[in-house]
Amino acid sequence: MAPVGLAAHRVPGAADRQRRPGNVGGELVRLIGDVRTETGRNDPLLIVASGGQPPPALPEPHPLTEADEAYDEWAGALPEMRRLRRPATWLVALRPDETDTGPPSRGGLRPFSAPDPPWWSRRFLPAALCLVLVAALGLWVASRWGPGCHPTLSGQVSVEVVGGGECVGYSDSAAQVFNNDPGQDRLRTVQKRIFAQNRAAEEVWQRSDRRRPFLTLVYLGTLTGNRTRADEESYVSEREELEGMATAQYALLKESAGADGAALLRIVVANGGRQMIYADRAVSMLAELARDDPTVLGVVGLVESRSSTARALRELNQVGLPVLAPTLSADKMDANSRLYLQISAPNKDQVKLVDAYAKQVLKVNEAHVFYTTLEGSSLTEDLYVGTLVDGLRQQFGPRITRLDEWRTGQRLTDECGYPGLLFYAGRWSEFDGFLRALRECGGNPPRHLVADDSANRYMANPGLRAAAPGNLPVTYVSKAALATCAALRAAHDRRDDDARASFLSWIQADDLLDPPRCRPGSEEQVGERVSLSYDASMMLVRAVESLAARLHHANPRQRWEPDSVNPVGVHAEVLRQNAGQGYPGVAGLIRFTPDSGEPVDKRLALMRVEQVPDVAKAPVEVFRCGAADASAPAACGPA
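Residues numbered from 1 in each chain as written. Predicted model: local features only at pLDDT ≥ 70, side-chain atom pairs only at ≥ 80, totals over all residues. Heavy atoms only, no water.

Trainee: Could you give me a rundown of empty space enclosed by the protein, with the residues and numbers involved?
Mentor: Counted by the stated rule, this structure contains 4 cavities of 30 Å³ or more. In this structure, the largest cavity occupies an estimated 90 Å³ of space. Together, 13 residues line the largest cavity, and Val-303, Tyr-384, Arg-427, Asp-453 and Arg-529 are the ones closest to its centre. Grouping the amino acids of the lining of the largest cavity by side-chain chemistry returns 3 nonpolar, 4 polar and 6 charged. The volume enclosed by the second largest cavity comes to roughly 50 Å³. (1 Å grid on protein atoms, 1.4 Å probe; cavity = no way out; pocket = protein on both sides within 12 Å on 5 of 7 lines; lining within 4 Å. Points joined across faces, edges and corners; volume = space filled by probe spheres on them. Nonpolar A, V, L, I, M, F, W, Y, C, P; charged D, E, K, R; others polar.)

Have a look at this one:
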């Protein structure tokens, strides 16, 4: 036996069953001992050899049962034996006990072998542990991420799979594009356009020696979870709001390279899931992003007024991020955040618009109101429908002779030929079924069907409109009648409205929206929410540019330091700029009172379509309320 050091009995070993003095095994043991004696270094090897006779240089072998004593004796003598360079310095001789049974080996001694190593040192264990860890990691990854929803090393991406497989989180690069559903190509296309412009903005900023203000805005919407057909675009609102932000980003990229005061915009796209149910998770991720990235100065979007949206507003308020909502309109949404600003008129103004239209144009005193909420929702949860219905009750009072919830499949034959105001106060997703139910009226449809502004999402979907009755005109509320192709062309021709004329040139460009909008001979309309989202983005951008101008007043060539402004300060600057004449938005003048995030006298209009299936013919504005610009009156009247 050739032990090494005081821990020799704990280390790996090798067995030599036929060692004799002079044979190969004996020579190997001798050479190892010589090397150890010469170098004076320990090595992690225990050699166990068997043979008929021990080397002559060793004393009488110890019994195997006295191995511990033999080892202690050898360890005590080792230093002196090494000094004298004895040939058996590294050897300990043991003999089997006389009580052993069984046939002797050919060498005269009974064979023995080293005990099995402990289970935790066996070779299979590391491999087994690796397999277990890989399997556990795979299960964890599968529960957190999935195809089309995973982290990446390129760009800023933070996502996870939740609920029924929705991908929630945020992304600023094409490594993560939200929504793989059939029919949603345009939603994916605008995300990719934004991400390409993100790279371009970063490059321009670097080329400017970082002198231009650089800010990041987050778009937070509902980008997954809708049930949809392969030929149906189910995320029109989200796609249009992203297109509006992309247009703002594009306009800033077109500024002169020498315009050091012109800001550059990066956009992070975030998904809060269907009906914003998972907005709390998305906001938690965005809070970490805002802490790590000082360029993050605000949030645009939120799409639908729901209780989940209200919770998201409260959480974003705690994070300290301003929210500019292009289309939220439930009354008193601003109560959820002191940093909230709403671009569209609240529902109370929409109710006044409909009432004025009924009195001034339709000349009717009676109304039937039908409302809808999505499956699993209610008037309490759906703040848009809930506050709209409450406002109608208060405004119309006893003139509402029927107020019912409508559900898919319910017949509406009682409404055939109805001469009063038939108002649809529900979500766009049920408006298709509502119109189909009215097909039963044949040649006797209701005389005056008016729908809320949610119906514009239906009107932007040619696939759904094809099945509507062709003899039932529809009038619906619009929040962006000032940004239709006709209105933008008229502003361009007057040459007195730079904001709308510039917006028209951007959306007509070859390298921005797909397809381009408002081109001569084209039937592609702007989209209800494009201008509203553009206005929201540009309000924040202009506030940052104003702060930058004051910070760099003494040295305009100074580099931009993102830490020099903060989100709360940007919100305050938006209000300061708005305190005078208001902000001249493409979709109308935006003015706030000091104690409210709801706009005052914001333009609303009623658009009319004579034949719903005819998607080639643009809607016509028939009535309006609110101011178009600072010099225009805010009174209600026919267009």
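Trainee: An account of the pattern of salt bridges is needed here, citing residue identities and associated values.
Mentor: For the structure shown, the criterion picks out 40 salt bridges. Taking the shortest distance from any N to any O, the salt bridge between Arg-306 and Asp-382 comes out at 3.6 Å. Taken together, the residues span a long stretch of sequence, with Arg-306 in the loop between strand 9 (296-301) and helix 7 (307-319) and Asp-382 in the loop between strand 12 (367-371) and helix 9 (383-396) at a distance of 76 residues. The exposure class assigned to Arg-306 is buried, which follows from its relative accessible area of 0%. When its relative accessible area of 0% is taken as the criterion, Asp-382 is described as buried. For the salt bridge of Arg-402 with Asp-404, the shortest nitrogen-to-oxygen distance reads 2.6 Å. A network of salt bridges, in which partner residues are shared, links Glu-238, Glu-304, Arg-306, Glu-381, Asp-382, Arg-427 and Arg-457. (Salt bridge = Lys/Arg side-chain N within 4 Å of Asp/Glu carboxyl O. Helix = DSSP H or I, 4+ residues; strand = E, 2+ residues; numbered from the N terminus. Buried < 20%, exposed > 50% of the residue type's maximum accessible area, 1.4 Å probe, protein only.)

Trainee: Go over a negative patch on the surface, please, and point to the residues and values.
Mentor: There is a patch of like negative charges on the surface, built from Glu-66, Asp-68, Glu-69 and Asp-72. On the accessibility criterion, Glu-69 (48% relative accessible area) is partly exposed. (Patch = residues over 30% accessible without salt bridge, like charges linked within 9 Å, V, L, I, M, F, W, Y side chains within 5 Å. Areas by Shrake-Rupley, 256 points an atom, 1.4 Å probe, with all protein chains shown as cover. Lys, Arg positive; Asp, Glu negative; His and termini not counted. Charge placed at Lys NZ, Arg CZ, Asp CG, Glu CD.)

Trainee: Describe the environment of Val-526, naming the residues involved and giving the relevant values.
Mentor: Relative to the helices and strands, Val-526 is located in the loop between helix 14 (498-507) and helix 15 (530-551). Separated by 46 residues in the primary sequence, Val-526 and Ala-480 have C-alpha atoms spaced 9.8 Å apart. Once you skip the residues sitting within four places of it in the chain, Val-526 turns out to touch Ala-483, Thr-484, Cys-485, Leu-488, Phe-503, Ile-507, Arg-517 and Cys-518. (Contact = heavy atoms within 4.5 Å.)

Trainee: Describe the state of the cysteines, listing the residues and the values that go with them.
Mentor: Under the criterion given, the structure shown has 4 disulfides. Between Cys-485 and Cys-518 runs a disulfide, and the two sulfur atoms are separated by 2.1 Å. Sign of the S-S torsion, about -85 degrees for the bond between Cys-485 and Cys-518, identifies this disulfide as left-handed. Separated by 33 residues along the polypeptide, Cys-485 in helix 13 (residues 485-494) and Cys-518 in the loop between helix 14 and helix 15 bring together distant segments of the chain. Judged by relative accessible area, Cys-518 falls into the buried class, the value being 0%. When the bonded cysteines of the protein chain are numbered from the N-terminus onward, they pair as 1-2, 3-4, 5-6, 7-8. (Disulfide = S-S within 2.5 Å.)

Trainee: Give a detailed account of the packing of helix 4 (residues 185-207) against helix 5 (residues 236-253), specifying residues and quantitative values.
Mentor: For the pair helix 4 and helix 5, interaxial distance at closest approach is 10 Å and the crossing angle is 25 degrees. Comparing their axes, helix 5 and helix 4 come out roughly parallel. Where helix 4 crosses over helix 5, the two elements pack in a sense that is left-handed. For the pair formed by helix 4 and helix 5, the contact residues are Arg-186, Leu-187, Val-190, Gln-191, Ile-194, Gln-197, Asn-198, Ala-200, Ala-201 and Val-204 on the first element and Glu-238, Arg-239, Leu-242, Glu-243, Ala-246, Gln-249, Tyr-250 and Leu-253 on the second. A breakdown of the residues in the contact of helix 4 with helix 5 according to their chemical character gives 10 nonpolar, 4 polar and 4 charged. (Axes fitted to C-alpha atoms, helices over the stretch in contact; angles between N-to-C directions. Parallel < 35°, antiparallel > 145°, perpendicular 65-115°, else oblique. Left-handed = near helix turned anticlockwise from the far one by under 90°.)

Trainee: Explain the sheet that holds strand 13 (residues 400-405) residue by residue, including any values.
Mentor: Neighbouring strands of a sheet are bound in pairs by backbone hydrogen bonds; such pairs are parallel or else antiparallel. Spatially, the 8 strands line up as an open sheet ordered 13-12-14-15-16-19-20-21, and their pairing is mixed. The open sheet has two edge strands, strand 13 and strand 21 (637-638), and neither has a second partner. Note that strand 12 and strand 14 (residues 421-424) share 4 bridges and pair parallel. Bridge assignment links Val-369 to a residue of strand 14, and that residue is Phe-423. Contacts between helix 8 (residues 347-362) and the sheet are confined to strand 14, strand 15 (448-451), strand 16 (474-478), strand 19 (604-609), strand 20 (620-625) and strand 21, with strand 20 contributing the most and set at about 115 degrees to the helix. (Pairing = 2+ DSSP bridges.)

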